Amino acid sequence: MNSYSCFEVNLKDGIAHLSMSRPDQLNSMTRIFWKELPEIIKNIDKNSDARVIVLSGQGKHFSAGMDLSTFVPPKKSEREIDPARQREAFYHEVLELQDTFTALEECRMPTIAAIQGACVGGAIDMAAACDLRDCSENAFFKIVRAVKIAEVDIGIAADVGTLQRLPSLIPLASLRELAYTGRKFDSSEAKSLGLVNEVFSSEDELTSEVQKLAKTIASKSPLVTRVIKKQINYARDHSVRDALEFHATWNASLISGKDMEAAMTAYMNKTDGEFEDLEPKKSFWEKEGLI
(Lines give C-alpha, C1' and ligand atoms only; values in the text may rest on other atoms or scores of the structure.)
Protein backbone atom coordinates (compact mmCIF):
# COMPACT_ATOMS: atom_id res chain seq x y z
CA MET A 1 0.00 0.00 0.00
CA ASN A 2 1.31 3.46 -0.91
CA SER A 3 2.14 6.12 1.68
CA TYR A 4 -0.17 9.13 1.80
CA SER A 5 -0.08 12.68 3.13
CA CYS A 6 -3.52 12.67 4.73
CA PHE A 7 -4.17 9.01 5.55
CA GLU A 8 -2.71 5.93 7.16
CA VAL A 9 -4.05 2.70 5.64
CA ASN A 10 -4.01 -0.65 7.40
CA LEU A 11 -5.29 -3.88 5.83
CA LYS A 12 -5.93 -6.84 8.13
CA ASP A 13 -8.42 -9.72 8.37
CA GLY A 14 -10.55 -8.44 5.50
CA ILE A 15 -10.85 -4.95 7.00
CA ALA A 16 -9.30 -1.82 5.51
CA HIS A 17 -8.83 0.85 8.17
CA LEU A 18 -8.34 4.34 6.76
CA SER A 19 -7.41 6.88 9.42
CA MET A 20 -7.07 10.56 8.63
CA SER A 21 -3.58 11.34 9.88
CA ARG A 22 -3.37 15.09 10.39
CA PRO A 23 -4.63 15.44 13.99
CA ASP A 24 -2.74 18.67 14.66
CA GLN A 25 -4.66 20.24 11.77
CA LEU A 26 -7.96 18.68 12.95
CA ASN A 27 -7.81 16.34 9.94
CA SER A 28 -8.97 19.20 7.75
CA MET A 29 -9.31 18.47 4.06
CA THR A 30 -6.45 19.98 2.08
CA ARG A 31 -6.20 19.82 -1.69
CA ILE A 32 -4.23 16.56 -1.66
CA PHE A 33 -6.92 14.98 0.56
CA TRP A 34 -9.40 15.17 -2.32
CA LYS A 35 -7.02 13.24 -4.55
CA GLU A 36 -5.89 10.65 -2.01
CA LEU A 37 -9.24 9.47 -0.63
CA PRO A 38 -10.81 8.30 -3.91
CA GLU A 39 -7.48 6.83 -4.99
CA ILE A 40 -7.31 4.71 -1.82
CA ILE A 41 -10.94 3.62 -2.01
CA LYS A 42 -10.77 2.74 -5.70
CA ASN A 43 -7.54 0.77 -5.25
CA ILE A 44 -9.04 -1.27 -2.40
CA ASP A 45 -12.17 -1.87 -4.46
CA LYS A 46 -10.32 -2.75 -7.65
CA ASN A 47 -7.94 -5.18 -5.99
CA SER A 48 -10.54 -6.65 -3.58
CA ASP A 49 -8.11 -5.91 -0.75
CA ALA A 50 -10.83 -5.87 1.92
CA ARG A 51 -14.44 -6.80 2.65
CA VAL A 52 -15.16 -3.76 4.83
CA ILE A 53 -13.72 -0.23 4.98
CA VAL A 54 -13.53 1.68 8.28
CA LEU A 55 -12.91 5.43 8.12
CA SER A 56 -11.71 7.30 11.22
CA GLY A 57 -9.73 10.34 12.29
CA GLN A 58 -6.66 10.45 14.50
CA GLY A 59 -6.56 12.75 17.52
CA LYS A 60 -9.40 14.55 19.27
CA HIS A 61 -11.50 15.15 16.18
CA PHE A 62 -12.83 13.17 13.23
CA SER A 63 -12.45 16.10 10.84
CA ALA A 64 -12.99 19.85 10.82
CA GLY A 65 -14.01 19.70 7.17
CA MET A 66 -12.59 21.54 4.20
CA ASP A 67 -9.38 23.48 4.76
CA LEU A 68 -9.83 27.20 4.16
CA SER A 69 -6.92 27.20 1.73
CA THR A 70 -9.22 25.36 -0.68
CA PHE A 71 -11.24 28.55 -0.97
CA VAL A 72 -8.29 30.81 -1.78
CA PRO A 73 -8.94 32.21 -5.27
CA PRO A 74 -6.33 31.25 -7.88
CA LYS A 75 -3.84 33.85 -9.00
CA LYS A 76 -5.26 36.08 -11.65
CA SER A 77 -4.27 34.93 -15.10
CA GLU A 78 -2.56 37.34 -17.43
CA ARG A 79 -4.87 36.04 -20.11
CA GLU A 80 -8.43 37.35 -19.90
CA ILE A 81 -10.81 34.38 -19.59
CA ASP A 82 -14.45 34.55 -20.50
CA PRO A 83 -16.47 34.38 -17.21
CA ALA A 84 -18.85 31.80 -18.69
CA ARG A 85 -15.90 29.55 -19.53
CA GLN A 86 -14.50 30.02 -16.04
CA ARG A 87 -17.82 28.91 -14.55
CA GLU A 88 -17.94 25.91 -16.88
CA ALA A 89 -14.49 24.86 -15.69
CA PHE A 90 -15.52 25.37 -12.06
CA TYR A 91 -18.53 23.11 -12.66
CA HIS A 92 -16.17 20.25 -13.48
CA GLU A 93 -14.04 21.00 -10.42
CA VAL A 94 -17.13 20.66 -8.21
CA LEU A 95 -18.02 17.34 -9.85
CA GLU A 96 -14.48 16.12 -9.18
CA LEU A 97 -14.81 17.02 -5.49
CA GLN A 98 -18.17 15.27 -5.34
CA ASP A 99 -16.63 12.12 -6.81
CA THR A 100 -14.23 11.99 -3.86
CA PHE A 101 -17.04 10.98 -1.49
CA THR A 102 -19.09 9.14 -4.11
CA ALA A 103 -16.19 6.65 -4.20
CA LEU A 104 -17.24 5.57 -0.68
CA GLU A 105 -20.81 5.08 -1.84
CA GLU A 106 -19.99 3.22 -5.04
CA CYS A 107 -17.25 0.85 -3.88
CA ARG A 108 -18.27 -2.79 -3.62
CA MET A 109 -17.71 -3.20 0.11
CA PRO A 110 -19.62 -1.69 3.06
CA THR A 111 -18.08 1.42 4.62
CA ILE A 112 -18.24 2.52 8.27
CA ALA A 113 -17.43 5.98 9.65
CA ALA A 114 -16.16 6.02 13.26
CA ILE A 115 -16.63 9.59 14.49
CA GLN A 116 -15.24 11.35 17.56
CA GLY A 117 -15.07 15.04 18.37
CA ALA A 118 -15.76 17.43 15.52
CA CYS A 119 -17.51 16.26 12.37
CA VAL A 120 -18.31 19.40 10.44
CA GLY A 121 -18.81 20.68 6.93
CA GLY A 122 -17.14 18.38 4.44
CA ALA A 123 -16.73 15.73 7.14
CA ILE A 124 -20.51 15.30 7.25
CA ASP A 125 -20.54 15.06 3.45
CA MET A 126 -17.99 12.27 3.79
CA ALA A 127 -19.73 10.44 6.64
CA ALA A 128 -23.07 10.63 4.84
CA ALA A 129 -21.54 8.77 1.89
CA CYS A 130 -20.62 5.86 4.17
CA ASP A 131 -23.03 2.98 4.74
CA LEU A 132 -22.87 3.14 8.54
CA ARG A 133 -21.91 5.81 11.07
CA ASP A 134 -21.06 5.27 14.75
CA CYS A 135 -19.79 7.94 17.13
CA SER A 136 -18.58 8.60 20.66
CA GLU A 137 -20.52 10.75 23.12
CA ASN A 138 -18.12 13.66 22.64
CA ALA A 139 -18.90 13.86 18.91
CA PHE A 140 -20.58 16.96 17.58
CA PHE A 141 -21.79 17.88 14.13
CA LYS A 142 -22.28 21.01 12.05
CA ILE A 143 -23.72 20.60 8.59
CA VAL A 144 -22.21 23.52 6.74
CA ARG A 145 -18.81 24.65 7.85
CA ALA A 146 -15.27 25.11 6.59
CA VAL A 147 -12.88 25.01 9.55
CA LYS A 148 -14.21 27.90 11.70
CA ILE A 149 -16.43 29.62 9.19
CA ALA A 150 -19.85 28.22 8.39
CA GLU A 151 -20.42 27.99 4.66
CA VAL A 152 -23.79 29.64 5.09
CA ASP A 153 -21.92 32.61 6.60
CA ILE A 154 -19.45 33.01 3.72
CA GLY A 155 -22.07 32.86 1.00
CA ILE A 156 -21.77 29.35 -0.41
CA ALA A 157 -23.87 26.20 -0.08
CA ALA A 158 -22.52 22.76 0.73
CA ASP A 159 -22.04 21.11 -2.65
CA VAL A 160 -20.27 17.77 -2.13
CA GLY A 161 -23.08 15.62 -0.78
CA THR A 162 -24.65 16.81 2.48
CA LEU A 163 -27.74 18.38 0.95
CA GLN A 164 -28.13 15.46 -1.46
CA ARG A 165 -27.58 12.47 0.88
CA LEU A 166 -28.93 13.64 4.23
CA PRO A 167 -32.57 13.82 3.03
CA SER A 168 -32.54 10.01 2.93
CA LEU A 169 -30.89 9.77 6.37
CA ILE A 170 -32.66 12.31 8.60
CA PRO A 171 -36.08 14.06 8.63
CA LEU A 172 -36.30 16.73 5.95
CA ALA A 173 -37.55 19.47 8.29
CA SER A 174 -34.61 18.83 10.64
CA LEU A 175 -32.18 18.97 7.73
CA ARG A 176 -33.59 22.30 6.61
CA GLU A 177 -33.25 23.82 10.07
CA LEU A 178 -29.70 22.54 10.58
CA ALA A 179 -28.60 23.65 7.11
CA TYR A 180 -30.24 27.08 7.25
CA THR A 181 -28.83 27.92 10.69
CA GLY A 182 -25.49 26.08 10.55
CA ARG A 183 -25.86 25.32 14.26
CA LYS A 184 -23.92 22.62 16.08
CA PHE A 185 -25.70 19.46 17.29
CA ASP A 186 -24.41 16.76 19.60
CA SER A 187 -24.16 12.97 19.44
CA SER A 188 -27.47 12.46 21.26
CA GLU A 189 -29.36 14.56 18.71
CA ALA A 190 -27.50 12.87 15.85
CA LYS A 191 -28.71 9.50 17.19
CA SER A 192 -32.31 10.69 17.60
CA LEU A 193 -32.30 12.02 14.03
CA GLY A 194 -30.93 8.74 12.67
CA LEU A 195 -27.68 10.23 11.41
CA VAL A 196 -25.60 7.78 13.45
CA ASN A 197 -26.33 4.15 14.21
CA GLU A 198 -24.85 4.02 17.71
CA VAL A 199 -23.30 6.33 20.29
CA PHE A 200 -20.57 4.97 22.57
CA SER A 201 -19.43 6.35 25.90
CA SER A 202 -15.77 6.75 24.97
CA GLU A 203 -13.47 6.82 21.98
CA ASP A 204 -11.91 3.54 23.07
CA GLU A 205 -15.32 1.89 23.16
CA LEU A 206 -16.14 3.38 19.76
CA THR A 207 -12.96 1.92 18.28
CA SER A 208 -13.58 -1.48 19.85
CA GLU A 209 -17.23 -1.72 18.84
CA VAL A 210 -16.64 -0.53 15.28
CA GLN A 211 -13.91 -3.16 14.95
CA LYS A 212 -16.37 -5.84 16.14
CA LEU A 213 -18.97 -4.61 13.66
CA ALA A 214 -16.44 -4.62 10.82
CA LYS A 215 -15.33 -8.16 11.72
CA THR A 216 -18.94 -9.37 11.71
CA ILE A 217 -19.57 -7.89 8.27
CA ALA A 218 -16.24 -9.25 6.97
CA SER A 219 -17.27 -12.75 8.08
CA LYS A 220 -20.22 -12.74 5.65
CA SER A 221 -20.14 -13.52 1.95
CA PRO A 222 -18.60 -10.47 0.25
CA LEU A 223 -20.69 -11.25 -2.81
CA VAL A 224 -23.89 -10.98 -0.76
CA THR A 225 -22.88 -7.76 1.01
CA ARG A 226 -21.91 -6.31 -2.37
CA VAL A 227 -25.39 -7.09 -3.73
CA ILE A 228 -27.09 -5.73 -0.60
CA LYS A 229 -25.21 -2.43 -0.83
CA LYS A 230 -26.06 -2.10 -4.50
CA GLN A 231 -29.74 -2.82 -3.83
CA ILE A 232 -30.08 -0.36 -0.96
CA ASN A 233 -28.49 2.47 -2.92
CA TYR A 234 -30.63 1.71 -5.96
CA ALA A 235 -33.85 1.52 -3.91
CA ARG A 236 -33.08 4.90 -2.33
CA ASP A 237 -33.04 6.56 -5.75
CA HIS A 238 -35.84 4.67 -7.55
CA SER A 239 -39.44 3.56 -7.21
CA VAL A 240 -40.34 0.37 -5.34
CA ARG A 241 -41.36 -1.33 -8.59
CA ASP A 242 -38.08 -0.44 -10.31
CA ALA A 243 -36.08 -1.53 -7.26
CA LEU A 244 -37.86 -4.91 -7.12
CA GLU A 245 -37.16 -5.51 -10.80
CA PHE A 246 -33.53 -4.50 -10.32
CA HIS A 247 -33.20 -6.81 -7.32
CA ALA A 248 -34.69 -9.76 -9.21
CA THR A 249 -32.21 -9.26 -12.03
CA TRP A 250 -29.23 -9.06 -9.72
CA ASN A 251 -30.32 -12.07 -7.65
CA ALA A 252 -30.89 -14.14 -10.76
CA SER A 253 -27.40 -13.39 -12.01
CA LEU A 254 -25.32 -13.31 -8.82
CA ILE A 255 -26.75 -15.78 -6.29
CA SER A 256 -23.97 -18.21 -5.43
CA GLY A 257 -24.97 -21.76 -4.55
CA LYS A 258 -21.54 -22.24 -3.00
CA ASP A 259 -21.96 -19.25 -0.71
CA MET A 260 -25.51 -20.29 0.22
CA GLU A 261 -24.28 -23.73 1.24
CA ALA A 262 -21.41 -22.25 3.26
CA ALA A 263 -23.77 -19.79 4.97
CA MET A 264 -26.28 -22.50 5.89
CA THR A 265 -23.53 -24.76 7.23
CA ALA A 266 -22.12 -21.91 9.32
CA TYR A 267 -25.59 -21.08 10.66
CA MET A 268 -26.31 -24.67 11.65
CA ASN A 269 -22.90 -25.11 13.27
CA LYS A 270 -22.89 -21.62 14.83
CA THR A 271 -19.54 -20.84 13.21
CA ASP A 272 -18.28 -18.31 10.68
CA GLY A 273 -18.64 -19.30 7.05
CA GLU A 274 -15.75 -19.75 4.64
CA PHE A 275 -16.24 -17.44 1.66
CA GLU A 276 -14.01 -16.47 -1.23
CA ASP A 277 -13.11 -12.82 -1.70
CA LEU A 278 -14.51 -10.90 -4.64
CA GLU A 279 -12.45 -11.09 -7.80
CA PRO A 280 -10.28 -8.03 -8.53
CA LYS A 281 -11.77 -5.64 -11.05
CA LYS A 282 -9.75 -5.77 -14.27
CA SER A 283 -10.31 -3.77 -17.40
CA PHE A 284 -10.35 -5.35 -20.84
CA TRP A 285 -6.84 -3.96 -21.43
CA GLU A 286 -5.52 -5.50 -18.21
CA LYS A 287 -7.03 -8.88 -19.03
CA GLU A 288 -5.40 -8.76 -22.43
CA GLY A 289 -2.06 -7.86 -20.85
CA LEU A 290 -1.93 -4.55 -22.69
CA ILE A 291 -1.36 -2.44 -19.57
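Draft legend 1. Here's a closer look at a nonpolar patch on the surface. A contiguous nonpolar surface patch, about 260 Å² in accessible area, is contributed by Val-224, Ile-228 and Ile-232. Here Ile-232 is to be found in helix H8 (residues 222-237).

Draft legend 2. Up close: the confidence of the model for the protein chain. Per-chain confidence: the protein chain averages 87 in pLDDT, with 88% of residues scoring 70 or above. Considering only residues more than four positions removed or in separate chains, one finds that residues 145-155, a stretch of pLDDT under 50, has 25 contacts.

Draft legend 3. View of empty space enclosed by the protein. If you walk through the whole model with that rule in mind, you get 1 cavity of 30 Å³ or more. A volume near 30 Å³ is recorded for the largest cavity. As for the largest cavity, its lining consists of Cys-6, Met-20, Ser-21, Arg-22, Asn-27, Ser-28 and Phe-33. Across the lining of the largest cavity, the residue classes break down as 3 nonpolar, 3 polar and 1 charged.

Draft legend 4. Quick look at the packing of aromatic side chains. All told, the structure shown has 6 aromatic pairs when counted by the stated rule. A centroid spacing of 5.4 Å and a plane angle of 20 degrees characterise the contact between Phe-141 and Phe-185, whose relative ring orientation is stacked. With Phe-141 in strand E7 (residues 140-142) and Phe-185 in strand E8 (residues 184-186), this pair connects stretches of sequence that are 44 residues apart. Relative accessible area serves as the criterion here: at 3%, Phe-185 is assigned to the buried category.

Draft legend 5. Molecular detail of the sheet that holds strand E3 (residues 52-57). Read across the sheet, 6 strands follow the order E1-E2-E3-E4-E6-E9 without closing on themselves; strand pairing throughout is mixed. Every interior strand has two partners, whereas the edge strands, strand E1 (7-12) and strand E9 (198-200), have only one. Each adjacent strand pair in this sheet contributes to an overall mean axis angle of 20 degrees, direction not counted. Taken together, the 6 bridges between E1 and strand E2 (residues 15-20) define a ladder with antiparallel strand orientation.

Draft legend 6. Representation of the pattern of salt bridges in the model. Scanning all chains against the criterion turns up 12 salt bridges. Ionic pairing is found between Glu-105 and Arg-236, a salt bridge with its closest N-O pair at 2.8 Å. Placement of the pair is Glu-105 in helix H2 (residues 83-106) and Arg-236 in helix H8, with a sequence separation of 131 residues. Glu-105 gets classed as buried once you look at its relative accessible area, which sits at 13%. The partly exposed category is assigned to Arg-236, whose relative accessible area is 35%. Two residues, Asp-131 and Lys-229, come together in a salt bridge whose shortest N-O distance is 3.1 Å. With Asp-131 in the loop between helix H3 (122-128) and strand E6 (132-136) and Lys-229 in helix H8, this pair connects stretches of sequence that are 98 residues apart. Since its relative accessible area comes to 27%, Asp-131 is described here as partly exposed.

Draft legend 7. The arrangement of unusual backbone geometry in detail. Non-glycine residue Leu-26 carries a positive phi angle of around 60 degrees. Looking at the secondary structure, you find Leu-26 in the loop between E2 and helix H1 (31-47). Judged by relative accessible area, which is 35%, Leu-26 ranks as partly exposed. In this model, Ser-48 sits at a positive phi of 55 degrees, which is unusual for a non-glycine residue. Positionally, Ser-48 belongs in the loop between H1 and E3. When its relative accessible area of 11% is taken as the criterion, Ser-48 is described as buried.

Cut-offs used in this document
Residues numbered from 1 in each chain as written. Predicted model: local features only at pLDDT ≥ 70, side-chain atom pairs only at ≥ 80, totals over all residues. Heavy atoms only, no water. Patch = residues over 30% accessible without salt bridge, like charges linked within 9 Å, V, L, I, M, F, W, Y side chains within 5 Å. Areas by Shrake-Rupley, 256 points an atom, 1.4 Å probe, with all protein chains shown as cover. Salt bridge = Lys/Arg side-chain N within 4 Å of Asp/Glu carboxyl O. Helix = DSSP H or I, 4+ residues; strand = E, 2+ residues; numbered from the N terminus. pLDDT = per-residue confidence, 0-100. Contact = heavy atoms within 4.5 Å. 1 Å grid on protein atoms, 1.4 Å probe; cavity = no way out; pocket = protein on both sides within 12 Å on 5 of 7 lines; lining within 4 Å. Points joined across faces, edges and corners; volume = space filled by probe spheres on them. Nonpolar A, V, L, I, M, F, W, Y, C, P; charged D, E, K, R; others polar. Phe/Tyr/Trp six-rings, centres within 6.5 Å; stacked < 30°, edge-to-face > 60°. Buried < 20%, exposed > 50% of the residue type's maximum accessible area, 1.4 Å probe, protein only. Pairing = 2+ DSSP bridges. Axes fitted to C-alpha atoms, helices over the stretch in contact; angles between N-to-C directions.

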